[in-house]
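Coordinate analysis (summary)
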Amino acid sequence: MLGILVLIILIFGSIGIHNKKHADPPAAQPTAAEQQQQPKQEQKEAPKKAQPAPNTPQIALDGIQIKKNSWGEPQLHLDIRNTDAEKTIDKYRIVVYAFDSNGLLIKSSINEATCYHGSGESPIAPGETLKNTRTWTLHGFDNGQKFRAKVIYLHYTDNTEWKAASGQDISLTGTIS
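Residues numbered from 1 in each chain as written. Predicted model: local features only at pLDDT ≥ 70, side-chain atom pairs only at ≥ 80, totals over all residues. Heavy atoms only, no water.

As for the overall build of the chain
- When you go through the chain residue by residue, the secondary structure sums to 2 helices and 8 strands.
- The secondary structure elements of the chain, listed N-terminal to C-terminal, are α-α-β-β-β-β-β-β-β-β.
- Here the chain, with 177 residues, has 29% of them falling under the buried criterion.
- Sequence separation of at least 24 residues holds for 68% of the intrachain contacts in the chain that already meet a minimum separation of 6.
- Carbon together with sulfur atoms contributes 53% to the accessible area of the chain, which is approximately 12100 Å² in total. (Helix = DSSP H or I, 4+ residues; strand = E, 2+ residues; numbered from the N terminus. Buried < 20%, exposed > 50% of the residue type's maximum accessible area, 1.4 Å probe, protein only. Contact = heavy atoms within 4.5 Å. Areas by Shrake-Rupley, 256 points an atom, 1.4 Å probe, with all protein chains shown as cover.)

Here it is in structure tokens:
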């Protein structure tokens with residue numbers, strides 16, 4: 001038994017020595033001249049203004065409020081903040097999903113739609129928050145207890161636009177108060 005243990009130790013020890021001999025050499029260190037050139041190259045590059053990644057949404061949903069109107073239909077209010085430092089949002093579109101008390105997605109009692117489509121055209125200046133300015137009445141979703149509002153489109157005053165790509169989710173969920 002002891003002999004087998006010694007044999008295993010010798011085999012693994014020789015593999016380790018073999019691997020060290022054939023390992024990649026350490027990365028070459030820059031010469032003094034190269035080290036002096038690096039700061040000059042860094043100085044040549046002007047500091048760039050931080051830009052958001054392509055198709056990064058410049059909006060945030062800061063608040064959601066859902067109340068029933070006198071006919072029992074849910075009404076949605078959103079607090080929408082423009083996080084862009086330069087551009088004014090002039091149009092936006094949302095979709096709203098309604099869920100029952102068990103958390104199951106419900107369809108509209110009017111047209112069997114699985115979501116409500118809403119839009120707004122109130123300008124939102126850079127850094128500004130639009131609070132409770134726009135109300136959407138969610139016709140046909142009277143049985144909804146929980147609602148998820150999601151921004152899917154933005155239009156700016158300079159005629160640029162943003163559309164949600166797969167995986168982008170700017171949403172907020174709320175319940176009837």
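Some remarks on the sheet that holds strand β2 (residues 74–82)
- Taking strand neighbours across the sheet as the criterion, the 3 strands line up as β1-β2-β5 in an open arrangement whose pairing is antiparallel. Pairing within the sheet leaves two strands with one partner each, and these edge strands are β1 (59–68) and β5 (129–137). Averaged over all adjacent pairs, the angle separating strand axes in this sheet is 20 degrees, with direction ignored.
- Sheet analysis places β1 next to β2, joined by 9 bridges and oriented antiparallel. Note on β2: the bridge partner recorded for lysine 68 is proline 74. (Pairing = 2+ DSSP bridges. Axes fitted to C-alpha atoms, helices over the stretch in contact; angles between N-to-C directions.)

A closer look at the packing of aromatic side chains
- Tallying each qualifying case throughout the model produces 1 aromatic pair.
- Seen in terms of ring centroids, tyrosine 92 and tryptophan 136 are 6.5 Å apart; in terms of plane orientation they differ by 80 degrees. Their pairing is edge-to-face. Here tryptophan 136 lies in strand β5 and tyrosine 92 lies in strand β3 (residues 89–99), a separation of 44 residues in the sequence.
- You can call tyrosine 92 buried: its relative accessible area is 2%.
- The ring of tyrosine 156 carries the charged tip of lysine 87 above its face, separated from the ring centre by 4.6 Å.
- Taking NZ or CZ as reference, arginine 93 lies 4.1 Å from the ring centre of tyrosine 153, over its face. (Phe/Tyr/Trp six-rings, centres within 6.5 Å; stacked < 30°, edge-to-face > 60°. Lys NZ or Arg CZ within 6 Å of the ring centre and 35° of its normal.)

Observations concerning unusual backbone geometry
- One non-glycine residue, glutamate 112, adopts positive backbone phi at about 65 degrees.
- Here glutamate 112 is to be found in the loop between β3 and β4 (116–120).
- Looking at glutamate 112, the relative accessible area reads 52%, which means it is exposed.

Here's the deal with the environment of phenylalanine 147
- Following the sequence through the fold, phenylalanine 147 ends up in strand β6 (residues 146–156).
- Look at phenylalanine 147 and you get buried, because its relative accessible area is 1%.
- Between the C-alpha atoms of phenylalanine 147 and leucine 76, which are 71 residues apart in sequence, the distance is 8.7 Å.

Side note on the side chain of serine 108
- Locating serine 108 in the fold gives a position in the loop between β3 and β4.
- Judged by relative accessible area, serine 108 falls into the buried class, the value being 3%.
- Looking at serine 108, its side chain comes within polar contact range of the main-chain nitrogen of isoleucine 110, at 3.0 Å.
- When residues no more than four places from it in sequence are discounted, the contact partners of serine 108 are Ala113, His139, Gly140 and Phe141. (Polar contact = N/O pair within 3.5 Å; in protein donor to acceptor, adjacent residues only side chain to side chain.)

A few points about the pairing of β6
- Most of β6 sits inside the fold, with 8 of its 11 residues counted as buried.
- In this structure, β3 lies alongside β6, joined through 10 bridges in antiparallel fashion. Its bridge partner being in β6, lysine 91 is matched across the sheet by histidine 155.
- Relative to strand β8 (residues 170–175), β6 runs antiparallel, the two sharing 6 bridges. Across the sheet, the residue bridging to arginine 148 is threonine 173, located in β8.

What is shown is where atoms sit, not what they do.
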